[in-house]
Amino acid sequence: MIVSKAFWKIVLKNISSIITPTIILLLFGAISVSSTSSTSQFEAAEPSIVIFNHDENIGLTKNFIEYIDKHAEIKTDYEDDDRLKDALFYENVIAVVDIPENFHSDMTFNHNPEVKIRSSAGYSAELAKTMISRYLTTASAYAKTNISEQELISKIDAQMENSVEVSIDKAVDTSKYAKAERYFNFASYSILSCFITIICLIMSAFNRTQLRKRNLISSMDIKKMNRVLLKNCCLYSLAAWAFYFALSIFAIGADIMLTQYGLLFALNSLLFAGCATSIAYFISTFALDASAVNGVQIVIALGSSFLCGAFVPAQYLPDSVLAFAHVLPSYYYINANSKIAGLEAFDFDALLPILIEFAIVIGFSVLFIFLTNIVAKKRQKIA
Amino acid sequence: MFWHSYKYSLKALLKNRMMVFWTVAFPFILALFFNMAFARLHDFDVFEPFDIAVVNDEEYKKDEIFDTAFKTLGEGDERLFNIELSDMEHAEELLNDGKIDGYVYAKGDKKEIKIKENGTNQTVLKMAVEQVSQSAKMIDDIALSEIAKNAGQMVDISAIYQNAVKIVSETEPNIKDESHVMNMVSVEFFSLIAMACMQGAMLSCEMMNRCMPNITNRGKRVAVAPTRKGVIVSSNLLAGYTLLFISLIALIFFTRYILGVEYGDNIPLICLLAALGSLTATMLGMFLSVILKTRESAKNVIVVLVTMVGSLFAGMFGGMKLFFDELLPFVNKISPVGLITDGYYSLYYYEDLTRFWINAGTLVLISAILFVLSIKSLRRQRYDSI
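A. Just the overall build of chain B, in detail. Within chain B one finds 18 helices and five strands. Expected size for 386 residues packed as a compact globule is a radius of gyration near 21 Å; at 33 Å, chain B overshoots this value by more than 25%. Scored against the burial criterion, the 386 residues of chain B give a buried share of 42%. A separation of at least 24 residues holds for 75% of the contacts in chain B among residues at least 6 apart in sequence.

In structure tokens:
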């Protein structure tokens, strides 16, 4: 009882170490929820475009702007050039289109007026350019046939209405689980951070040489004390995991989290929490002081989160980084999250790859428990 | 006496391992992590041809115009996609394995697309198929209009069609691309430099605490020593400033020359901004140490809070700078982290230096205000009892 009391007293004293990563996780969860789309039907990407029209808004010019409006999101209120440049840099605006003076008449009379485009980098910019190029090519081709502006507009409209049928080959709409995937990927940082900090601080307090020597000669059975400490560490981990799961219901929504998918995410995070506990317990055997614990926590939690794709999706990571990440449990946890999010059926064949990832995470837990025993025995002899 | 005190202050600072870890080593570790995580982000942002398949069955081969025109989009350096010709079964397999973004097949005289998920690549593919299909329709349309114009006369239909093909194939849109593509990931590193800079306020805070009789025992000794207080305070602050500035310059050179982060070419101004940022951080540390009559750890928490909130607003966590600029436009204009980040951003992205000088000037102004407030509070401090 005395040991348990001391344990939870230290937890409460260091509650700020839990609050910070939890707030970050909550913020991240809220951001994840706001960005979702369905995959059951085709939805064209709509790049955001700013138009500077130096011509009158009539005839072909008006038609061109209406066409852009139909296929993109037209943004206004960017008269300030610095603001526009910043928006282009941060890709809040994908392209800026300058429609020249007399555009409608020059185009009608086959003078092929020059349209200036400034765009950001990337795929959305390419899409915006393709879209604008399509309109201008059509307009220029018909302008060569010497027809009136009105005829030109109706011919362009007729051509632009031709669209291709796009079908999506997906048995289940799994896109809604992407936000849960992002939340639980990020949770790997919070779990590692909270567990390492708290467990190491508590264990370092108990493992302080003077205190340990006092405990060794006290009437309390040292094995019993270790058992109580281990039990409380597990209890703390379980409570923290339950809190993060409850938070996910709040952040992601019960409609997703209280389904088979949600439970698989929860099971995966529970296994990872177990692994994080074993890692924290292993680190605590080195009896680091409080300031060193923070350094170790930062390097391990931030390092594995950056290297395994908790912050930046794994597909964007260099191959060498991913190859190294294979030695970290976070990699398998994040991999499992990705496989759960893309799961289309709940049969054994579909679940097998996920179960393999689970098994690897359990394997890491066993490995760290084994290492903890070896190191602890060695250190006990030294003490 | 000044240099004697300066030398020992610097030595004492370097011996404080935790302080050196958080202010010097930690930004280097973070820069390495950033580099590993963000190294390919910019590559992904630059458009590269993506993989698609075309079901090359008899039905598809019938439409020669489409076939020829579509294949040109998959040729050369400027190609939109890499095309793999296959049968329907193989295309389906490639799609399910995630090896292609979609495949095109013919259904009657129309073309259809099958994809696995929504995205920009899929939209580009749809647009490209529409554009090529449209070209064939335009040729028909232009030719038929020409024939209709000459109704009742003998016309050479073949010549009309050839002319229509020529019109469509030779038409190029007159687009002038004035894009100035930059690496958005650089901002993450700019905000990291700014964060490292402001985290350095802990150094001057620590050095000032050593001179404060109401906080440390060393401060009590300093207070009763015959050495002028001004000499002790200024040498301590200069020691903190020196360590911070050198570590920042090392960090900038490390990120620029080892990690390949782009800062622009104006090295003197890059270093000047680091010097001004260090000055602001030193003054902030001094101010917090003098104003707050609390524990050293509490002062460090405030420094970390100012730094982290500033970093969040400056776009360190996921490039949300613009979002916060729209939401609370004044924050990044007075936050030192925001000003330093924006200073490096303006050196990198803008040719005109006005914005850089505004940021630099604001940093000097903040430093001056913090210095005046600190000195006002520090002067004539007398203690009846400590």
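More follows now that the structure is in view.
B. Molecular detail of the domain arrangement of chain A. Its domain assignment divides chain A into domain 1 (2–37 + 172–382) and domain 2 (48–161). A separation of 52 Å is found between the C-alpha centroids of domain 1 of chain A and domain 2 of chain A.

C. Inspection of the packing of helix H10 (residues 201–209) of chain B against helix H14 (residues 296–314) of chain B at higher detail. Residue and element names in this part refer to chain B. Following both chains from N to C, one finds H10 and H14 inclined at 155 degrees, their axes separated by 10 Å at the closest point. Relative to H14, H10 is oriented roughly antiparallel. The handedness of the crossing between H10 and H14 comes out as right-handed. Together, Ala201, Met202, Cys205 and Asn209 of H10 and Glu296, Lys299, Asn300 and Val303 of H14 make up the contact between the two elements. Of the residues belonging to the contact of H10 with H14, the class tally is four nonpolar, two polar and two charged.

D. View of the domain arrangement of chain B. Split into domains, chain B comes out as domain 1 (2–42 + 182–378) and domain 2 (47–170). The C-alpha-based centres of domain 1 of chain B and domain 2 of chain B are spaced at 57 Å.

E. Structural view of the sheet that holds strand S1 (residues 50–55) of chain B. Taken together, the five strands give an open sheet; going across it, the order is S5(A)-S4(B)-S3(B)-S1(B)-S2(B), and neighbouring strands pair in mixed fashion. Each of the sheet's edge strands pairs with one partner strand only, and the pair in question is strand S5 (165–168) of chain A together with strand S2 (81–86) of chain B. Strand-to-strand twist in this sheet, taken as the mean axis angle between neighbours without regard to direction, amounts to 25 degrees. In the packing of helix H7 (residues 120–149) of chain B onto the sheet, the strands contacted are S5 of chain A together with S1, S2, strand S3 (102–107) and strand S4 (110–115) of chain B, and the crossing angle to S4(B) comes to about 175 degrees.

F. Here's a closer look at the sheet that holds strand S1 (residues 48–53) of chain A. Spatially, S2(A)-S1(A)-S3(A)-S4(A)-S5(B) is the arrangement adopted by the five strands of the open sheet, whose pairing is mixed. Edge positions in the open sheet fall to strand S2 (73–75) of chain A together with strand S5 (175–177) of chain B, since each of these has one partner strand only. Going from strand to strand, the sheet's axes swing by 30 degrees on average, the running direction of each strand aside. Pairing analysis gives five bridges linking S1(A) to strand S3 (residues 95–99) of chain A, with the strands arranged parallel. Paired with A:Ile51 across the strands is A:Val97, a residue of S3(A). Here helix H3 (residues 59–71) of chain A sits on the sheet in contact with S1, S2 and S3 of chain A, set at roughly 170 degrees to S1(A).

The rules behind the values
Residues numbered from 1 in each chain as written. Chains lettered and ligands numbered in written order. Predicted model: local features only at pLDDT ≥ 70, side-chain atom pairs only at ≥ 80, totals over all residues. Helix = DSSP H or I, 4+ residues; strand = E, 2+ residues; numbered from the N terminus. Rg over C-alpha atoms; globule rule 2.2 N^0.38 Å. Buried ≥ 20, exposed ≤ 12 C-beta atoms within 10 Å, placed from the backbone. Contact = placed C-beta atoms within 7 Å. Domains from an automatic or database assignment. Axes fitted to C-alpha atoms, helices over the stretch in contact; angles between N-to-C directions. Parallel < 35°, antiparallel > 145°, perpendicular 65-115°, else oblique. Left-handed = near helix turned anticlockwise from the far one by under 90°. Nonpolar A, V, L, I, M, F, W, Y, C, P; charged D, E, K, R; others polar. Pairing = 2+ DSSP bridges.

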